[in-house]
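# Close look at the chain arrangement
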Amino acid sequence: MLIRPSEVTPERVWQERRSLLGAAAGAVAGAVAGLGLHGPAAGAETERPNTLEQIGRYNNYYEFSSNKEVVWKLAEDFKPAPWTLVVEGEVERPRSWAIDELHRRFAQEDRVYRLRCVEGWSMVVPWRGFALAELLKESRPNSRAKYVEFTSVLRPAEMIGQRLATLRWPYTEGLRIDEAMHPLALVVTGLYGQPLPNQNGAPLRLAVPWKYGFKSIKAIARIRLLETAPVSSWMNAAPSEYGFYGNVNPEVPHPRWTQKREVRIGEVAKRATLPFNGYADQVASLYAGMDLQQHF
Ligand SMILES: Nc1nc2c(c(=O)[nH]1)N[C@H]1C(S)=C(S)[C@@H](COP(=O)(O)O)O[C@H]1N2
Ligand SMILES: [Mo]
């Protein structure tokens, strides 16, 4: 049966292209395999992605609201263009990037990743983006660069949640430099092969799939290389609940709930939460010898 192009949703186009390429060994598996990552835990390519509607109607984005079901509506008038990303700090070549410069310089690839929120729900998301390592290397981190700080945009006129003191604004997050350089750490520019929706962090966000969702910062305006560890907005708000690392770990409960299980959005039965969200084969070596109960 023929359908008009206007009736084809991005999600449908994406699913069709994916089934043409073969469900388990599609473009995403290829892209991840190309990085030299192997095995079933290399990505979430064997799991069925959540729908565009599910991904775009249940969002944590405190700049708009702490109610996940209304964020998409409140974010409708946010202006993701024009946009400037600054990369600075302990680097030889600080610089700023316009979004189209990023698109020209870095090849975009599709990656299906699991996203596990610290609250106990999860999704499978077909992101589009490029490796954070590639962007950082362009600015040549110097020998003092041990950490990377990410800062979201500050626009209380457009982001009504920023008029409340729910978190310290602008939202900030951080990674150790070796975590930031890991090939799984992605700068996201799109979803289902289309530009990123506002509620998912347009025009630029991170996807760090082995960590709780709060580490995958949205609407990034500045990246700063630092000698000492930055204090994130969540660490500032509740240091005993949200640590610097934020690695998915079923053995370390949140002080107010267990992290052993999760609900995949669209499902009813709970499933087991996996160490490092199922990416342990790729990332566990980053934490060799560390006490993960202490460095949560
Ligand atoms: N700037 C900013 N980034 C953010 C958040 C936020 O409130 N502000 N929430 C985080 C949390 S808790 C999660 S679970 C994910 C949710 O991403 P999604 O809405 O695309 O699923 O975004 C993360 N990035
Ligand atoms: Mo989250």
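Summary of the structure given here. (Residues numbered from 1 in each chain as written. Chains lettered and ligands numbered in written order. Predicted model: local features only at pLDDT ≥ 70, side-chain atom pairs only at ≥ 80, totals over all residues. Heavy atoms only, no water.)

### Some remarks on the site of ligand 1
Basically, it comes down to this: It suffices for a single heavy atom of a residue to lie within 4 Å of a molecule or strand for the residue to be listed as near it. For the purposes of these results, a polar contact is taken to be a pair of N or O atoms within 3.5 Å, where, inside protein, one atom must be able to donate a hydrogen and its partner to accept one; residues adjacent in sequence count only when each atom of the pair is a side-chain atom. For the accessible areas, the method is Shrake-Rupley and the probe is 1.4 Å, while residue cover comes only from the protein chains on display. Here the term charged refers only to Asp, Glu, Lys and Arg, the term nonpolar to Ala, Val, Leu, Ile, Met, Phe, Trp, Tyr, Cys and Pro, and the term polar to all other amino acids, Gly among them.
Taken together, the neighbourhood of ligand 1 is formed by 16 residues, with Asn 59, Tyr 62, Glu 63, Arg 205 and Lys 218 sitting nearest. Between ligand 1 and Ser 152 there is a distance of 3.0 Å, counted from a nitrogen atom to a side-chain nitrogen or oxygen. Protein chains bury 99% of the 530 Å² of accessible surface belonging to ligand 1 in isolation. The residue makeup of the shell around ligand 1, split by class, is 7 nonpolar, 6 polar and 3 charged.

### Quick look at the environment of Gly 213
In plain terms, the rule: Only DSSP runs of H or I reaching four residues or more are called helices, and only runs of E reaching two or more are called strands; each is numbered from the N terminus. Think of it in three bands: with a 1.4 Å probe and only protein chains considered, a residue is buried below 20% of the maximum accessible area for its type, exposed above 50%, and partly exposed in between. The contact rule is simple, with two residues in contact once any of their heavy atoms fall within 4.5 Å.
Mapping Gly 213 onto the fold places it in the loop between β9 (205–207) and β10 (220–226). Classification of Gly 213 as buried rests on a relative accessible area of 18%. Taking the C-alpha atoms as reference points, Gly 213 and Cys 117, 96 residues apart in sequence, are found 4.6 Å from one another. In this structure Gly 213 touches Arg 116, Cys 117 and Val 118, once residues within four positions along its chain are discounted.

### Here's the deal with unusual backbone geometry
Where the residue is not glycine, phi is negative for most of them; where a peptide bond is considered, it is trans in most cases. A cis amide bond links Trp 169 with the next residue in sequence, Pro 170, at an omega value of -10°. In this structure, Pro 170 sits in the loop between β5 (147–152) and β6 (172–176). With an omega dihedral of 0°, the bond running from Ala 202 to Pro 203 counts as a cis peptide bond. With respect to the secondary-structure elements, Pro 203 resides in the loop between β8 (194–195) and β9. With phi around 50°, Phe 276 is a residue other than glycine that occupies positive phi space. The topology assignment puts Phe 276 in the loop between β12 (271–272) and α9 (280–283).

### Quick notes on the pattern of salt bridges
Pairing between side chains of opposite charge can happen when their charged atoms approach one another. Operational definition: Here a salt bridge means any side-chain nitrogen of Lys or Arg lying within 4 Å of a carboxyl oxygen belonging to Asp or Glu.
Per the stated rule, a full pass over the model turns up 25 salt bridges. Between Glu 158 and Arg 155 there is a salt bridge, with the nearest N and O atoms lying 3.0 Å from each other. Assessed through its relative accessible area of 19%, Arg 155 is described here as buried. Salt-bridge contacts for Arg 264 lead to Glu 262; the nearest nitrogen and oxygen are separated by 4.0 Å. Summarising the burial analysis for this pair, Arg 264 and Glu 262 share the class buried. Where salt bridges share partners, they join Glu 47, Arg 114, Arg 116, Glu 262, Arg 264, Glu 267 and Arg 271 into one cluster.

### Quick word on the environment of Ser 232
With respect to the helices, strands and loops of the structure, Ser 232 is situated in the loop between β10 and α8 (233–237). For Ser 232, a relative accessible area of 2% gives the class buried. Spatially, the C-alpha atom of Ser 232 lies 9.9 Å from that of Phe 214, the residues being 18 residues apart in sequence. Ignoring any residue separated from it by four or fewer positions in sequence, one finds Ser 232 in contact with Arg 168, Thr 172 and Glu 173.

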